[in-house]
Amino acid sequence: MMAPERRGRIAWRSATIAGVIALSLTMEVWGFLATPPDEIPEVSYTTLHAIVPIVFAACAGVAWSIGPNPVPARLMILFVVLWIPETFFDFVIGPIGWLWPIVRGVHLGWAVVAGLLVLVYPRGWLADRFDRIIAALTLGISIVYLLGVVTLAGTGSVEGCDCAPNPYQLADAPDLLRTIEVGYRAVGATLILAIAVRLLVRWVRGSVPARAVAFLMPIALIAWAVMAVIQAAAYALSDTADTVLLTVALVAMAAVPVSYVAGVAHARNMRARVADLMRVTREGADRGLWAESLARALRDESVRVYWWDEERGRYGDAAGEPIDSADPGGGHSILPVASPTGLPIALIRHDRALTDNMRLLDGVSSALRLSVDNGRLRTEVERTLEQVRQSRQRIVEAGVEARRRIERDLHDGAQQQLVSLGMRLRLAANTAREARHDELATELEGSIHTLNQGLRELRELAHGIHPSLLSQGGLALAVPELAGRCPVPVEVDVQAEGRLPELIESTGYFAVAESLANVAKHSQATRAWVRAYLEGDEVVISVRDNGVGGASYDAGTGVLGIADRIDAVGGSISLDSPRGAGTTVTVRMPVDLPPIESHEPVHVESSGGGAGPEERQRSLAGAGLLVSAETGDPSPDDAGAGAASGLAPGGIGTPADV
C-alpha cells in the first residue's frame, strides 16, 4: 500500500503539471483568438508552438519519477510558465502597462531555463566549475537584460505590439535598448553553442560509459544551438527568420527534455543490469568471472576489481598481483567496497563517467557484497554439511563395529562355553545310560534339549546383530541366506566382483533386510526379487515385490530408516510404489567412500570375554561371483540357521559338535 506522503506528493505534482499545461494552452489559444485576422500565424506553427510546453510538462512528470533529484523537473515546469506566445504578449499583455515591461524582460527566460537543464544533465546538479561559471554568467546577463528592458523600454520598443506606456521607464534610449537586446541574444546563443560543443567533444572523446551517460543530449543541443545562432543573427539584422527555421528550432527545443528523460532512463536501465550481475554471482562466483561480468554490466572494459588479501594486508587482482600505486588513471575512479562491519572487501576501478550514476555504483557495491557473503555462507554450509556427513558416517561405522564385536563375543565366548557344556552333558548322559541310570539319563537329555533351544536363540540373536556370513563372504553369501528366512518366496541375483567396503556391505544388508521385512509385513505379495550389481563406481541394490504397493517415506513402513542409513554413506534411495502394482526400492551407494577427517576415535567397550578386535574382511578370490537362489520354504531348518549365524550346524551332542 502506498504511503500517505507519497500519495500526497504524487497528487501535488500531478496538479502542478495539469495547471501549467492549462496555463500554457490558455495563453496560446487566447493569443491566437486575440490576433487580428491579417496577422494570424499559420495554424501548424501555432500547434507546434503549443506542443513544446506540453512536451516539457510531460517530461517533468517522468523526471520526477525516475530522476536523481527534483531540480530538473522543476526547471521543466518553469520553462512551461515562461514559454509565452508572441501573440499573447502583443495583444493580451501589451495593453497592461504595469505588466508588459516585466513580462518582456523575462520573455526569453525559457532559453535560460533550457540551458540550465542541459547543464545539470544527467546528475541533476551543477557538477564542475565550468557549469557553475556558465550558469552564473547566464543568470547575470538575464538580470541585466531584465533591468534594461524595464527601465528603457517604451511604447514603440516592441515591434508589432501596441503597448501601453511603461510606468517604470527612466529614459528614452531606443539605441541602447536595441544594443542590450542584440547583445543578450548573441551572448545567449554563444553560451548555448559553447555548451553544445563542449558536450559533443566530451561525447566524442569519452569512453563507452561516458557516451552511454551522454546519450542523445548532444544531438538535440547542437540542433537547438544552431537555430539559436541563426535566430540571433536574424534579429540583429532586423530580418524575420524563415518559418522552416522556426519550425526546426521548435522541434530541437522539444527534443531537449525528451533527450534528458531518455538519458536518465538509460542510466536507470543500466542499474537493472546489476540484477543480471547478481544472478550470475549470487552463489559466490569466481573472482575472474566476477570482474568480467561487472565489465559487461557497466559496459566498461577498463573495470578492474582488486580484492582484499587478509593474509598480506593489501589489495590484489584475481591473480594475486598487488594493485598498482599509479592506479587509477586520469579517467578512472576507485569505488571501495566494505562489509557491513567495516571490513574491506574490494576496490573497483571504473570509468570516471560512472560517478554521475551513484545509484548504479551503489547497486554494484551491494551486488559485490552480497556475492562475497553468499560465497562465504555457501562455503560454510558445505563445510558444515560435510562435517555432518562424516559424523553420520563415523556413527554408522562405530555401530557396525560394535555389532560385529558383540557378534564375535557371542560366537567366541558364550557359544563356545554352551557348546562345551553341551558336550559334557552329552558325555554324562551317555555314561548314565551305560550305568543303567535311566532316570538320570532322561533328566540329562532334557537339559541338553533345553540347552539346544537356548543355543538356537543365541544363534538368532547373533545373526540379528551382525550376520557372520556377511563378514565371511559379503553380500553374495549373506543376501541369499537372508532371503531364505523370508516367508515370501524371493529370487536373489547378487553380482559382485571382490569385496565391497565393510560399511557399504553392512548398509546394503540392512536395506535388504528391512525391505524384505516390509514385504513380509505389509505388501501382501506372493513373490519378491532382490538384485545387487555394480554400475560404474556405485553399487545398486533393488528389492521388488508384486504386492499391493502404496508405500511411502512417511507411512511407517521402515523406508525412512533405510533412507537415513543410505544417506549417511553418501548414497541415494528411490521408492516406486504405485497402488496395486507392487513396490520397488532402489538403493545406490558409492563403492569408494570419501575420506573422513581424523577425529578422536570412538571406543566401544564390548562385554564378555571375547577375543580382541580383528579384521575379518576376506577377499573373494577369482572372477565375479554370481549367486542365484530361489527359496520356497518360509521356515529354515536349524542347520540353515546355524550356518547363517556362524555356529556349527546341528544340535548339541550330535557328531558335528563332537
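About the cut-offs
Residue numbers restart at each chain and count upward from 1, following the sequence in its written direction. Predicted model: local features are reported for residues with pLDDT of at least 70 only, side-chain atom pairs are reported and counted for 80 or more only, and whole-chain, interface and lining totals are derived from all residues. As a rule here, side-chain values come from all non-hydrogen atoms in the structure, and water together with hydrogens is ignored. Here a helix means four or more residues in a row that DSSP labels H or I, a strand means two or more in a row labelled E, and each is numbered from the N terminus. Each residue gets one of three labels from its accessible area relative to the maximum for its type: buried under 20%, exposed over 50%, partly exposed in between, using a 1.4 Å probe on protein chains only. The contact definition used throughout considers only heavy atoms, calling two residues in contact when any of these lie within 4.5 Å. Here the Shrake-Rupley method, with its probe set to 1.4 Å, supplies the accessible areas, and only the displayed protein chains count as covering residues. Disulfides are defined as pairs of cysteine sulfur atoms found within 2.5 Å of each other. Here, strands pair whenever DSSP counts at least two bridges between them. Here a pair means two rings of Phe, Tyr or Trp (six-membered ring of Trp) with centres within 6.5 Å. Their orientation is stacked below 30 degrees between planes, edge-to-face above 60, and tilted elsewhere. Here, over-ring charges are defined by two tests on the NZ atom of lysine or the CZ atom of arginine: distance to the ring centre within 6 Å, and angle to the ring normal within 35 degrees. Put simply, a patch holds well-exposed residues, over 30% relative accessible area, that have no salt bridge, with like charges counted together within 9 Å and Val, Leu, Ile, Met, Phe, Trp or Tyr side chains within 5 Å. When a carboxyl oxygen of Asp or Glu is within 4 Å of a side-chain nitrogen of Lys or Arg, the pair counts as a salt bridge. Angles here are taken between N-to-C directions and fall from 0 to 180 degrees, while the axes themselves are lines fitted to C-alpha atoms, restricted in helices to the stretch in contact. Angle categories: roughly parallel below 35 degrees, roughly antiparallel above 145, roughly perpendicular from 65 to 115, and oblique for all the rest. In this scheme the crossing of two helices becomes right-handed for a clockwise turn of the near helix relative to the far one and left-handed for an anticlockwise turn of less than a right angle. Gly counts as polar in this scheme, as do all residues outside two lists: the nonpolar Ala, Val, Leu, Ile, Met, Phe, Trp, Tyr, Cys and Pro, and the charged Asp, Glu, Lys and Arg. Helices are assigned an expected span. That span is 1.5 Å times one less than the residue count. We call a set of buried residues a nonpolar core when its members are Ala, Val, Leu, Ile, Met, Phe, Trp, Tyr or Cys and they connect through side-chain atoms within 4.5 Å of each other. Charged residues are defined here as Lys and Arg on the positive side and Asp and Glu on the negative side; His and the ends of the chain fall outside this count.

(A) Summary view of the overall build of the chain. For the chain, the count of helices and strands is 19 helices and 10 strands. Within the chain, buried positions represent 43% of all 658 residues. The long-range fraction of contacts in the chain, counting pairs at least 24 apart against all pairs at least 6 apart in sequence, stands at 71%. With the model as given, the accessible surface of the chain reaches about 33600 Å², and the carbon-plus-sulfur share is 59%.

(B) Representation of the state of the cysteines. Throughout the structure, instances matching the rule amount to 1 disulfide. There is a disulfide in this structure between Cys161 and Cys163, and the S-S distance comes to 2.2 Å. Here the S-S torsion is close to 115°, and the disulfide linking Cys161 with Cys163 is therefore right-handed. For the pair Cys161 and Cys163, one class covers both residues: buried.

(C) Structural detail: the pairing of strand 6 (residues 528-535). The sheet contact formed by strand 6 and strand 7 (residues 538-545) spans 8 bridges and is antiparallel. Among the inter-strand pairings, Trp529 is bridged to a residue of strand 7, identified as Arg544.

(D) Structural detail: unusual backbone geometry. Its identity as a non-glycine residue notwithstanding, Arg436 has a phi of 60°, on the positive side. Relative to the assigned elements, Arg436 resides in the loop between helix 13 (358-434) and helix 14 (438-465). The exposure class of Arg436 is exposed, given its relative accessible area of 71%. Within the chain, Gln524 stands out as a residue other than glycine whose phi angle is a positive 55°. Within the fold, Gln524 resides in the loop between helix 17 (502-523) and strand 6.

(E) Layout of the packing of aromatic side chains. Counting across every chain of the model gives 8 aromatic pairs. Relative to Phe79, the ring of Phe56 lies with its centre 3.6 Å away and its plane at 15°, an arrangement referred to as stacked. A residue pair is termed long-range when its members are at least 10 positions apart, and Phe56 in helix 2 (residues 43-66) and Phe79 in helix 3 (residues 71-82) qualify at 23 residues. The pair Phe56 / Phe79 is uniform in exposure class, with both members buried. With a centroid separation of 4.9 Å and an interplanar angle of 65°, the aromatic rings of Trp308 and Tyr315 are classed as edge-to-face. The exposure class assigned to Tyr315 is buried, which follows from its relative accessible area of 19%. Clustering of aromatic rings is evident, with ring pairs tying together Phe56, Phe79, Trp83 and Trp110. One Lys or Arg, Arg531, reaches over the ring of Tyr533 and ends 4.3 Å from the middle of that ring. Geometry around Trp529 places Arg544 over its ring, the cationic atom sitting 4.2 Å from the centre.

(F) Quick look at the environment of Ala262. Here Ala262 shows up in helix 11 (residues 243-281). Sequence separation of Ala262 and Ala63 is 199 residues, and the distance between their C-alpha atoms is 9.6 Å.

(G) Spatial organisation of a nonpolar patch on the surface. Residues Ile96, Trp98, Ile102 and Tyr168 make up a contiguous nonpolar surface patch of about 370 Å² in total accessible area. Following the sequence through the fold, Ile96 ends up in the loop between helix 4 (86-93) and helix 5 (100-105). Its relative accessible area of 32% is what places Ile96 among the partly exposed residues.

(H) A look at the packing of helix 16 (residues 475-484) against helix 17. Following both chains from N to C, one finds helix 16 and helix 17 inclined at 15°, their axes separated by 11 Å at the closest point. Overall, the two elements helix 16 and helix 17 adopt an arrangement that is roughly parallel. For the crossing formed where helix 16 meets helix 17, the hand is right-handed. Here helix 16 contributes Leu475, Ala478, Val479, Glu481, Leu482 and Ala483 to the contact with helix 17, which in turn contributes Glu505, Gly508, Tyr509, Val512, Ala513 and Leu516. Class assignment for the residues of the contact of helix 16 with helix 17 results in 9 nonpolar, 1 polar and 2 charged.

(I) Spotlight on helix 7 (residues 129-152). Given a rise of 1.5 Å per residue, 24 residues ought to cover 34 Å, and the 34 Å separating the end C-alpha atoms of helix 7 matches this to within 8%. When helix 7 is considered as a whole, its buried residues turn out to be Asp131, Ile134, Ala135, Thr138, Ser142, Tyr145, Gly148, Val149, Val150 and Leu152.

(J) Quick look at the pattern of salt bridges. Overall, the coordinates contain 6 salt bridges when judged by the stated rule. The partner of Glu481 in a salt bridge is Arg485, with the nearest N and O atoms 3.0 Å apart. On the accessibility criterion, Glu481 (14% relative accessible area) is buried. Ionic pairing is found between Arg588 and Glu535, a salt bridge with its closest N-O pair at 2.7 Å.

(K) The arrangement of the nonpolar core in detail. Val52, Phe56, Met76, Phe79, Trp100, Trp110 and Met253 are the most contacted members of the largest nonpolar core, which totals 60 residues. Ala483, Ala532, Val569 and Val587 belong to the second-largest nonpolar core, a separate cluster that totals 37 residues.

(L) Examining helix 17 more closely. Between its first and last C-alpha, helix 17 extends 30 Å over 22 residues, near the 32 Å set by a 1.5 Å rise per residue. With its phi angle positive at about 55°, Gln524 sits one or two positions after the end of helix 17.

(M) Expanded view of the packing of helix 1 (residues 4-34) against helix 2. Helix 2 packs onto helix 1 with a crossing angle of 170° between their chain directions and a minimal axis gap of 10 Å. By the angle between their directions, the pair helix 1 and helix 2 is classed as roughly antiparallel. Across the interface between the two elements, Trp12, Arg13, Thr16, Ile17, Val20, Ile21, Ser24, Leu25, Glu28 and Phe32 of helix 1 pack against Val43, Thr46, His49, Ala50, Pro53, Ile54, Ala57, Gly61 and Trp64 of helix 2. Split by residue class, the contact of helix 1 with helix 2 holds 12 nonpolar, 5 polar and 2 charged.

(N) Up close: the environment of Gly94. Relative to the helices and strands, Gly94 is located in the loop between helix 4 and helix 5. Measuring from C-alpha to C-alpha, the distance between Gly94 and Val158 comes to 9.2 Å, with 64 residues separating the pair along the chain. Ignoring anything within four residues of it in the chain, the contact list for Gly94 reads Phe89, Trp100, Cys161, Asp162, Cys163 and Ala164.

(O) A look at the side chain of Asp131. Along the chain, the position of Asp131 falls in helix 7. Once residues within four sequence positions are removed from consideration, Asp131 is found in contact with Leu119, Arg123, Leu126 and Arg198.

(P) Fine view of the side chain of Glu28. For Glu28, the position within the fold is in helix 1. We note that Glu28 is buried and unpaired, the nearest opposite charge coming from Arg104 at a distance of 14 Å. Contact partners of Glu28, with chain neighbours within four places excluded, come to Thr46, His49, Ala50 and Pro85.

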